[in-house]
Amino acid sequence: MRKRRAEKRPITPDPKYNDVLVSRFINSVLKKGKKHLARKIVYDAIEIIENKTKSNGLEIFHKAINNVKPLLEIRARRVGGATYQVPTEVREDRSIALAIRWLINYAHERKDKSMSQKLAAELIAAANNEGASIKKKEDTHKMAEANKAFAHFKW
């Protein structure tokens, strides 16, 4: 290896809830550098969650992300001309990144008025262990389980 590995930059917590995870979520919602708009979308979504469920929106947000986090994933690995789908454990920071990405992508696909409403609906569904992002996690786990025979190719 020629160059050293890039060190991870510390993420500053968001101003309203003082939470690093919310800050990461905002950064993932962010498009074209409009952080103010991304913050507004996420904060509105958390408010909508509080209004709909009559409980703490931040707790539901954390519960949703914990429910969507995958434990296993499959990675393509070439061994002697054949490509195998090898199941591997997911690192903590990657599992959070995947959960955030899945939640945002499946919120985009929902049929609601605004992005904050879509996001709120997807987060509530994920907190209740339902919705498209939970299905994605279960499908990922099923794929890993189905390819357990190739686990010895792990590197």
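Coordinates for the structure precede this section.
With that settled, the discussion passes to the overall build of the chain. Helix and strand counts for the chain come out as 6 helices and 2 strands. Starting at the N terminus and ending at the C terminus, the chain contains elements arranged as α-α-α-β-β-α-α-α. Each principal axis of the C-alpha atoms in the chain carries an extent, and together these give about 55 × 40 × 25 Å. Put simply, the chain has 155 residues, and 38% of those count as buried. A separation of at least 24 residues holds for 58% of the contacts in the chain among residues at least 6 apart in sequence.

Two numbers describe how helix α2 (residues 35-53) lies on helix α3 (residues 57-68): the axes approach to 8 Å, and their chain directions differ by 105°. When the interaxial angle is binned, α2 and α3 end up roughly perpendicular. Packed against α2, whose contacting residues are Ile-46, Ile-49, Glu-50 and Thr-53, the element α3 presents Gly-57, Leu-58 and Ile-60 at the interface. Counted by class, the contact of α2 with α3 contains 4 nonpolar, 2 polar and 1 charged residues.

Conventions we followed
Residues numbered from 1 in each chain as written. Predicted model: local features only at pLDDT ≥ 70, side-chain atom pairs only at ≥ 80, totals over all residues. Heavy atoms only, no water. Helix = DSSP H or I, 4+ residues; strand = E, 2+ residues; numbered from the N terminus. Buried < 20%, exposed > 50% of the residue type's maximum accessible area, 1.4 Å probe, protein only. Contact = heavy atoms within 4.5 Å. Axes fitted to C-alpha atoms, helices over the stretch in contact; angles between N-to-C directions. Parallel < 35°, antiparallel > 145°, perpendicular 65-115°, else oblique. Nonpolar A, V, L, I, M, F, W, Y, C, P; charged D, E, K, R; others polar.

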